[in-house]
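One-letter residues, chain by chain:
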Amino acid sequence: KLTYSALVNSQTGESIPASAFTCFNTGGVDVTGSVFEKDCSVPKGKVQALWVGTMVPEQLTAGQYTGTVTVQAAGMKPKQVKVTLNVTDNLIANHGDNEPWRHSRLRWLNSQIGFDDEVIAPYIPLNVQDKTISLLGRKVTLQPNGFPAQITSYFKETLTEIGTEGLDILSRPMELTTGENWENLDFTYTKRKAGALGWHATNQNNQFIMNLDAQIESDGNMEYKVVLIARKDGEINDIALRTELAPNIAQYMMGLGEKGGYCPQNLDWKWGVEKNQDALWTGSVNGGLQLRFYDDKYERPLNTNFYHQKPLHMPVSWCNAGNGGIDIHNAADGTRINAYSGKRSVKKGDRLYYYFNLALTPFRPIDTDKQWRERYHHNYEFLDGIQKRGANVINIHHANAINPFINYPFLRTKEMKAYIDGAHARDMKVKIYNTVRELSNSCVEMFALRSLGNEIFSEGPGGGFSWLQEHLDQNYIGAWFVPGLKDAAIVNSGISRWHNYYLEGLDWLMKNVGIDGLYIDDLAFDRMTMKRIRKVMNRTNPGAMIDLHSANQYNPKDGFANSANLYLEHFPYLDRLWFGEYFNYDFPPEFWLVEVSGIPYGLMGEMLEGGGNPWRGMLYGMTGRSPRVDNGPLWKLWDSFGMQNSEMIGYWVKDNPVKTGSEKTLATVYSHMGDKALISLATWEDTDAKVKLSIDWAKLGLDPSKVTLHAPAIENFQQETTWKPGDEIVV
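Residue numbers here run from 1 along each chain, matching the order of that chain's written sequence. Local features are withheld for residues below a pLDDT of 70 in this predicted model, meaning they are given only at 70 or higher, and side-chain atom pairs are given and counted only at 80 or more; totals for whole chains, interfaces and linings count all residues. Hydrogen atoms and water are omitted, and side-chain values are computed over all heavy atoms in the structure.

**Regarding the pairing of strand β26 (residues 287-294)**
Here comes step 1: Here β26 lies mainly inside the structure; eight of its eight residues are buried.
Here comes step 2: Each residue is assigned to one of three classes by its accessible area relative to the maximum for its type, calculated with a 1.4 Å probe on protein chains only: buried under 20%, partly exposed between the two thresholds, exposed over 50%. A run of H or I in DSSP counts as a helix once it spans at least four residues, and a run of E counts as a strand once it spans at least two, with each numbered from the N terminus. In β26, alternate side chains face the same way, and those of G287, L289, L291 and F293 on one face and G288, Q290, R292 and Y294 on the other are all buried.
Here comes step 3: In this analysis, strands are considered paired if DSSP registers two or more bridges between them. The sheet contact formed by strand β25 (residues 279-284) and β26 spans six bridges and is antiparallel. Looking at β26, one finds that L280 is bridged to L291.

**Some thoughts on the sheet that holds strand β42 (residues 665-672)**
Here comes step 1: Strand order in the open sheet formed by three strands is β40-β42-β43, and the pairing between neighbours is antiparallel. Each edge of the open sheet carries a strand with a single partner, namely β40 (647-649) and β43 (676-683). Here the strands of the sheet are splayed against their neighbours by 20° on average, with no regard to which way each runs.
Here comes step 2: Two strands pair when backbone bridges link them, and β40 and β42 are joined in this way by three bridges, in the antiparallel orientation. Bridge pairing links E647 to S671 in β42. To define axes, lines are fitted to C-alpha atoms, for helices over the stretch in contact only, and angles between the resulting N-to-C directions are given on a 0 to 180 degree scale.

**As for the packing of aromatic side chains**
Here comes step 1: Ring geometry is summarised as follows: Phe, Tyr and Trp rings, the Trp one being its six-membered ring, pair when their centres sit within 6.5 Å, and such pairs are stacked at plane angles under 30 degrees, edge-to-face over 60 and tilted between the two. Evaluated as defined, the whole model comprises 41 aromatic pairs.
Here comes step 2: Seen in terms of ring centroids, W592 and Y620 are 5.7 Å apart; in terms of plane orientation they differ by 15°. Their pairing is stacked. Of this pair, W592 sits in helix α10 (residues 589-596) while Y620 sits in the loop between α11 (614-619) and α12 (632-641), placing them 28 residues apart in sequence.
Here comes step 3: Each member of the aromatic cluster is reached from another via a ring pair, and the members are W281, F571, F579, F583, F587, F591 and Y601.
Here comes step 4: Ring-over charges, as used throughout, are those where CZ of Arg or NZ of Lys falls within 6 Å of the ring centre and within 35 degrees of the ring normal. Geometry around W508 places R105 over its ring, the cationic atom sitting 4.7 Å from the centre.
Here comes step 5: The ring of Y298 carries R292 above its face, with NZ or CZ at 5.3 Å from the centroid.

**Here we look at the sheet that holds strand β13 (residues 148-155)**
Here comes step 1: With antiparallel pairing, five strands are arranged side by side in an open sheet as β10-β11-β12-β13-β14. The outermost strands of the open sheet, each flanked by one partner alone, are β10 (127-129) and β14 (162-168). Shown here is a sheet whose adjacent strand axes are inclined to one another by a mean of 20°, direction ignored.
Here comes step 2: Summarising the sheet, β10 and strand β11 (residues 132-135) pair through three bridges and their orientation is antiparallel. Counted as the bridge partner of V128 is I133 from β11.

**Section: a nonpolar patch on the surface**
Here comes step 1: A residue counts toward a patch only above 30% relative accessible area and without a salt bridge, and it is joined to like-charged neighbours within 9 Å or, for Val, Leu, Ile, Met, Phe, Trp and Tyr, to nonpolar neighbours within 5 Å. In this description, accessible areas are obtained by the Shrake-Rupley approach with a 1.4 Å probe, and a residue is regarded as covered only by the protein chains that are shown. Any carboxyl oxygen of Asp or Glu within 4 Å of a side-chain nitrogen of Lys or Arg constitutes a salt bridge here. A cluster of nonpolar residues, L50, V52, V71 and V81, forms a patch on the protein surface that exposes about 260 Å² of accessible area.
Here comes step 2: Mapped onto the elements of the fold, V52 is located in strand β7 (residues 52-54).

**What about the packing of helix α7 (residues 498-512) against helix α8 (residues 527-540)?**
Here comes step 1: Two elements in contact, α7 and α8, have axes whose closest approach is 10 Å; the angle formed by their N-to-C orientations is 15°. Taken together, the axes of α7 and α8 are roughly parallel relative to one another. Between α7 and α8 lies a crossing whose hand is right-handed. Every residue of α8 that contacts α7 at H499, N500, Y502, L503, L506, D507, M510 and K511 is listed here: T529, R532, I533, V536, M537 and T540.
Here comes step 2: Ten residue types, Ala, Val, Leu, Ile, Met, Phe, Trp, Tyr, Cys and Pro, are classed as nonpolar, four, Asp, Glu, Lys and Arg, as charged, and the remainder, Gly among them, as polar. Its residues assigned to classes, the contact of α7 with α8 shows seven nonpolar, four polar and three charged. An angle counts as roughly parallel when it lies under 35 degrees, as roughly antiparallel when it exceeds 145, as roughly perpendicular when it falls between 65 and 115, and as oblique in every other case. Working rule for handedness: look at the near helix, and if it is turned counterclockwise from the far one by less than a right angle, call the crossing left-handed; if clockwise, right-handed. Contacts between residues were defined by any pair of non-hydrogen atoms, one from each residue, lying within 4.5 Å.

Written out as structure tokens, the structure reads:
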């Protein structure tokens, strides 16, 4: 451990107090905002660097300040190191953060930026009436025991607005069963903030005391921490969380080894460390929930190629040495989800941690006008050419002149700012590729971060590019490598103080470089970090945006995880999804809806793999990624029709005014009521599909005697054709 004296100016008596010093190796502030101490032990024969920082008060008189730092190890004599600091009259800009070589940014590791319970737009303050909690588009009623009695959604099937008619999600209250009825002893609210409401309940039966602590946030995330304390020795047949959904709610599902699609009639799933699976989502388009199960020892696993290097810790309570699992039974009277843990013995005083999360979907209405207005281009190139293509938002990936080094966008900031200033002058926005998952070896603070042991970087076999082997020796996981730039990355650990640094870095980039948001290529941080990112962005640049790209993780090396299920906790704070790399766009429409489109969660997306399927994409309002795909002709059609201010009525809406009479050929309508409508048609048939459209003209406000069906010519999309109402159309 280190102890400090004040640094004193012998001429003036002024000092930098001992309390102003921190050693990053012996403690700090973690990603939850909690102060922690760290064991910094040094193996025999090894050398440990200790990185120490202090904030020099700006009003301090120039001069020489001297003091001591005492280094002490258990069982050894302390060693005193004299420190002299020369303070000049020059006040450095931004505490030195504009020049990464100074290492002043190391204090960002202990940042608490964005920690609060303020409401984040478009969400609204929570409203509490007794045990009923109202939030954006949803309502939750609690039982005295603390579990939900009912969850109600008010989102319309179109997802474009919130209605007044409620859709009840549950057919009966949720319960944690142990074989005996519970007696409620108390219920009290423990937190009352605009953006978060917490409560505690104590329940008991003959075998257990139950301490329940829960919290709901304004976006619809509910966190339950349930601890069972054994009152006596006993044999327990089962402890299970039972969730029963109302009829027609569980239309779709993903997770637990199931690809996104229709909810199966029956499913029997068991815990297994080879699977990155601890959650399921099920629901209809306008009302559903995600259940995620964990315990008090949860650590976020690695993902995207690296899952098996740091897989899920099996939650002791739920898994119960392989006895636990989840059953789903879908029937006419509703859907039963039974998360069971099986037989076990308990001793008096044993504690069992049954933690779970509920995410109530959709999180918000979809913003169709934003989807039509913001048109993306994914390449660093001349702005004039991008503008001519019709794009107005540029995603700057890495490995180029202004963002060369992966996830460390701090070394070409003058060039990046010049490009962004030029884009802003053309009323265009620029977002950059920057995430937490792996970090470039060009990171200036690499050696300071490595001195923190395995806190910032995952342990691994080493190897890879020669620079890594020569400078980092071993015990890391080699990741992305760009040969032309000799940019070699290593993998971050799941959760660490690097997230605090990342947030401060984002704030600095927005204030000093003017970026308009982030293009995140998969991510390795938690939901709290995503909330903080959104707050930092909203407070500096309210129009800033967050895109999330994900490669398909439904494969053995990624533990058969569904990308949408894996990242659902982040969806309330995203602007657009790019879920497509290695996705199969020949999968059926229910897969598109659940895993690609984002629509059941209040988001919209775009397509990636192979440029996507533009006809199927338009059913969900999605286009391909420019410049690989030339969206210009389609964007021109949008403008000539007037996609902005149109009402999107997806094929999934029961009273969609346009029906095809086919389950594999579908129609989504974009309507200007009483004026005109655009009908998108796409088929999943193996051959051309022939359909006759059944159109409810009254719902469109159109007179069929005055209507023609006209397909305008769109380059690389369709030829011009005209039909009369009732004619057969070949898709």
